Amino acid sequence: MAEITHAEVGHKSLLQSDALYQYILETSVYPREPEAMKELREITAKHPWSMVMTSADEGQFLSMLLKLINAKNTMEIGVYTGYSLLATALALPDDGKILAMDINRENYELGLPVIEKAGVAHKIEFKEGPALPFLDLMIEDEKNHGAYDFIFVDADKKNYINYHKRIIDLVRVGGVIGYDNTLWNGSVAAAPDAPMRNIVRYNRDFVMELNKALAVDPRIEICMLPVGDGITLCRRVK
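Residues numbered from 1 in each chain as written. Predicted model: local features only at pLDDT ≥ 70, side-chain atom pairs only at ≥ 80, totals over all residues. Heavy atoms only, no water.

Caption draft 1: Expanded view of the pattern of salt bridges. Under the criterion given, the structure shown has twelve salt bridges. Of the charged contacts, one joins Lys-157 and Asp-154 as a salt bridge, the two residues approaching to 2.9 Å between their closest N and O atoms. Here the residues in one salt-bridge network are Arg-105, Glu-109 and Glu-128, joined through shared partners. (Salt bridge = Lys/Arg side-chain N within 4 Å of Asp/Glu carboxyl O.)

Caption draft 2: Looking closely at the sheet that holds strand β7 (residues 231-236). Strands sit in the order β3-β2-β1-β4-β5-β7-β6 across an open sheet of seven strands; the sheet is mixed. Looking at which strands have only one partner, the edges of the open sheet turn out to be β3 (124-128) and β6 (220-225). The sheet shows a mean angle of 15 degrees between the axes of neighbouring strands, direction not considered. (Pairing = 2+ DSSP bridges. Helix = DSSP H or I, 4+ residues; strand = E, 2+ residues; numbered from the N terminus. Axes fitted to C-alpha atoms, helices over the stretch in contact; angles between N-to-C directions.)

Caption draft 3: Structural context of the nonpolar core. Counting 36 residues, the largest nonpolar core has Leu-85, Leu-86, Tyr-108, Ile-115, Ile-124 and Phe-150 as the members making the most contacts within it. A per-element tally of this core places helix α5 (residues 83-91) first, with six residues. In this structure, Met-75, Val-153, Val-171 and Leu-210 belong to the second largest nonpolar core, which totals 25 residues. (Core = buried A, V, L, I, M, F, W, Y, C linked by side-chain atoms within 4.5 Å. Buried < 20%, exposed > 50% of the residue type's maximum accessible area, 1.4 Å probe, protein only.)

Caption draft 4: Quick peek at the environment of Gly-228. Secondary-structure assignment places Gly-228 in the loop between β6 and β7. With a relative accessible area of 0%, Gly-228 lands in the buried category. In the structure, Gly-228 is positioned 43 residues away from Asn-185 in sequence and 9.3 Å away in space, judged by C-alpha atoms.

Caption draft 5: Structural detail: the side chain of Thr-182. Summarising the element assignment, Thr-182 is placed in the loop between β5 (171-180) and α9 (198-215). What makes Thr-182 buried here is its relative accessible area of 0%. Excluding its chain neighbours within four sequence positions, the residues that come into contact with Thr-182 are Val-188, Val-207, Leu-210, Asn-211, Met-224, Asp-229, Gly-230, Ile-231 and Thr-232. (Contact = heavy atoms within 4.5 Å.)

Here is the structure:
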């Protein structure tokens, strides 16, 4: 039987070596992963859509980032079962706040008992439904402008560019926006006729549209990192 390569499997990491990625997990990530995050990761692994969960190494990265920028007021668009949400809640101070939005409360409630057991549920305000109408309402209120230290976006890729048009006003100058999956299984660098899974092909152009827009947006500084499936950090400068 031919050996299945890392790229064919489509892991959350873009590293082309299974052994190297496993080394990172076993040496740096898993020994430091909070017990609650491990529990939620294992619960989510049994879910039919487990492949959309934030990877453990990305969860560790987000936790470190939030502490480095002293984030206190954050937003998350796209929650799923809450692995990245839990990483954020654990990283924030006790009076920190997360506005979390997702169209599916059922998935969120799968992870909620773990979040509650970890003692951080009081930091989370969950909103069920499409994010764009709610963001439009927020923008109408001037007090929300520049109110957020960090915003993490990991929802429907077709609206990435629409999210950016709105949340750029909600994050403070000096604050950070993180867009997940911006390397989209490596497809952004593949030929248009390259073989791809249907979901990868469908969302590829939306991700590339965002990447091009971020590269020329004068309001932000950007850094695209090959962590997980690619994450682009945008620091608002004006």
